[in-house]
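Single-letter residue listing:
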Amino acid sequence: MTRIFHDADAPMEPLAGKRVAVIGYGNQGRSWALNLRDSGLDVVVGTIADTSQQAAAADGFPAHPLAEAVEGADVVCLLIPDEVMGEAFAAHVRGSLKPGAAICFASGYAVAYGEVDLPEDADLVMVAPRMIGVGVRESYEDGTGFIAFLGVERDATGNAWPIALALGRAVGATRRGSVEMTFAQEALIDLFVEQGIAPALQKVWRDAAMVLLEHGIPLEAVLAEFYLSGEIERTYRAMREIGPSKQWELHSPTSQYGTMSRVDRFEGLDTAERMRRAAEEITSGAFAKEWAEERKAGYPRFNALKQAEGRDALMDLEDNTRALFEPKKG
Ligand code: NDP
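Scope of this entry: the structure provided in the associated data block. Only a predicted model underlies this, so the values are computations on that prediction, with no experimental measurement involved.

### Observations concerning the overall build of the chain
Here comes step 1: Looking only at helices and strands, the chain has 15 helices and nine strands in total.
Here comes step 2: Taking the principal axes of the C-alpha coordinates as reference, the chain spans close to 65 × 50 × 45 Å.
Here comes step 3: Scored against the burial criterion, the 330 residues of the chain give a buried share of 37%.
Here comes step 4: Counting only contacts in the chain whose residues sit at least 6 apart along the sequence, the fraction spanning at least 24 positions is 66%.
Here comes step 5: Carbon together with sulfur atoms contributes 55% to the accessible area of the chain, which is approximately 19100 Å² in total.
Here comes step 6: If the 33 positive side-chain charges of the chain are averaged to one point and the 50 negative ones to another, these points end up 3 Å apart.

What follows is the structure in structure tokens.
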């Protein structure tokens, strides 16, 4: 049975009197630090750059270089980009870790693909928000909370689960509910959305735009229909709020009939086969290896792909089109 944890399953006592070091003060780091402190924990922040150190200090945190922040901490939350975690951990964290400290990750990636050399006596726990950093803070403040995937990779002290649950609660992840997952499962689902679903959607939207343009629909109208109007966003919101099936009733009979009567036309597309390939590359570690090699080589393919996409020119076009639909006073 899949376990889903709520506040009632996650007492805060295991963290009473403990010090939590938040390493990194970026998207997740700042929100975690603020939420953990507001939940009554003793939080110190560790950063590399002076600007982040100043930002953390301005928010009232004791802010230190990484090694200093880690010293004496009972829990170390590694909230830095996954791709730099191995190097940063070896250079600044490992040597200062208190024996038996718990290390918390906001993603399973670095551990699942062996990117960090971790001490044997450390508990390894994961609270992986299904939410961007700003949302982690906002949903804590307004009391709605966010969903997360919660797991323990290694229970060295026998106390890893109570620590993971208490951290989850303190950061706001057990208010709505957190699903038990392994680090590898979290990494798979996360990367799968990026590599199995997002490219398929990108292809669908690109083909759809091309066909509409062929039919003489103005580009401004295409972009308005696809995302600027916010109509599709509202449909997804309705799915979350009332469910994918009930939200059908918000659409006209013409819309419902048109979609349902034509869904079979896309049955022949072998998207599942391509998605299986994506999942296989992720679970085998082939993607992690490819990405590590790409980083080591200085990102030649990544840069070429961005260049080929013409992202800068597209940004200008998108900015200009969005400006056309800004609310204006009559
Ligand atoms: P960010 O890119 O926002 O992290 C920036 C922080 O990392 C900065 O404080 C920066 O420090 C620090 N940093 C960057 N490079 C290094 C380095 N080489 N050594 C030490 N510190 C470094 O990260 P996120 O918050 O986006 O991601 C953190 C974790 O959260 C990741 O594991 C990610 O997968 C996970 N996550 C992220 C989500 C998101 O929406 N962004 C959602 C769910 C999980 P400085 O400013 O001092 O240079």
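### Some thoughts on the layout of surface pockets
Here comes step 1: Approximately 1100 Å³ is the volume found for the second largest pocket.
Here comes step 2: Gln28, Asp82, Ala106, Ser107 and Asp190 are the residues nearest the centre of the second largest pocket, which is lined by 39 residues in total.
Here comes step 3: Looking at the lining of the second largest pocket, the elements with two or more residues in it are α1 (27–38), β3 (42–47), α4 (82–93), α8 (183–214) and α13 (286–296).
Here comes step 4: The dominant element in the lining of the second largest pocket, judged by the number of residues it contributes, is α8, at seven residues.
Here comes step 5: Grouping the amino acids of the lining of the second largest pocket by side-chain chemistry returns 23 nonpolar, nine polar and seven charged.

### Overview of the packing of aromatic side chains
Here comes step 1: Taken as a whole and assessed by the stated rule, the structure comprises eight aromatic pairs.
Here comes step 2: Ring geometry for Trp205 versus Phe226: centroids 4.7 Å apart, planes at 50°, classification tilted. Note that Trp205 is positioned in helix α8 and Phe226 in helix α9 (residues 219–228), a separation of 21 residues in sequence.
Here comes step 3: Take Phe226: its relative accessible area is 14%, and that puts it in the buried class.
Here comes step 4: Taking 6.0 Å as the distance between ring centres and 55° as the angle between the ring planes, the aromatic pair formed by Tyr299 and Phe302 counts as tilted.
Here comes step 5: Taking the relative accessible area as the measure of exposure, Tyr299 reaches 27% and is therefore partly exposed.

### Topic: the site of the ligand
Here comes step 1: Around the ligand, the surrounding shell holds 23 residues, and the nearest of these are Tyr25, Gln28, Ala49, Ser52 and Asp82.
Here comes step 2: Within the backbone of Asn27, one N or O atom sits 2.8 Å away from an oxygen atom of the ligand.
Here comes step 3: Between the ligand and the protein, one listed contact pairs an oxygen atom with a backbone N or O atom of Ala49 at 2.6 Å.
Here comes step 4: Alone, the ligand offers 900 Å² of accessible surface; in the complex the protein occludes 73% of this.
Here comes step 5: In this structure, the ligand is accommodated by the second largest pocket.
Here comes step 6: Counting residues per element, the ones that place at least two in the shell around the ligand are α1 and α4.
Here comes step 7: Ranked by residues supplied to the shell around the ligand, first place goes to α4 with four residues.
Here comes step 8: Tallied by class, residues from the shell around the ligand come to 14 nonpolar, eight polar and one charged.

### Topic: the sheet that holds β3
Here comes step 1: Taking strand neighbours across the sheet as the criterion, the nine strands line up as β1-β9-β8-β7-β6-β5-β2-β3-β4 in an open arrangement whose pairing is mixed. The open sheet has two edge strands with one neighbour each: β1 (4–5) and β4 (63–65).
Here comes step 2: By the bridge criterion, four bridges tie strand β5 (residues 75–78) to strand β6 (residues 102–105) in an arrangement that is parallel. Looking at the pairing, Val76 lines up with Ile103 of β6.
Here comes step 3: Along the sheet face, helix α2 (residues 50–58) touches β3 and β4 and points at about 155° away from the line of β4.

What counts as what
Residues numbered from 1 in each chain as written. Predicted model: local features only at pLDDT ≥ 70, side-chain atom pairs only at ≥ 80, totals over all residues. Heavy atoms only, no water. Helix = DSSP H or I, 4+ residues; strand = E, 2+ residues; numbered from the N terminus. Buried < 20%, exposed > 50% of the residue type's maximum accessible area, 1.4 Å probe, protein only. Contact = heavy atoms within 4.5 Å. Areas by Shrake-Rupley, 256 points an atom, 1.4 Å probe, with all protein chains shown as cover. Lys, Arg positive; Asp, Glu negative; His and termini not counted. Charge placed at Lys NZ, Arg CZ, Asp CG, Glu CD. 1 Å grid on protein atoms, 1.4 Å probe; cavity = no way out; pocket = protein on both sides within 12 Å on 5 of 7 lines; lining within 4 Å. Points joined across faces, edges and corners; volume = space filled by probe spheres on them. Nonpolar A, V, L, I, M, F, W, Y, C, P; charged D, E, K, R; others polar. Phe/Tyr/Trp six-rings, centres within 6.5 Å; stacked < 30°, edge-to-face > 60°. Near = heavy atom within 4 Å. Polar contact = N/O pair within 3.5 Å; in protein donor to acceptor, adjacent residues only side chain to side chain. Sits in = over half its atoms within 2 Å of the grid points. Pairing = 2+ DSSP bridges. Axes fitted to C-alpha atoms, helices over the stretch in contact; angles between N-to-C directions.

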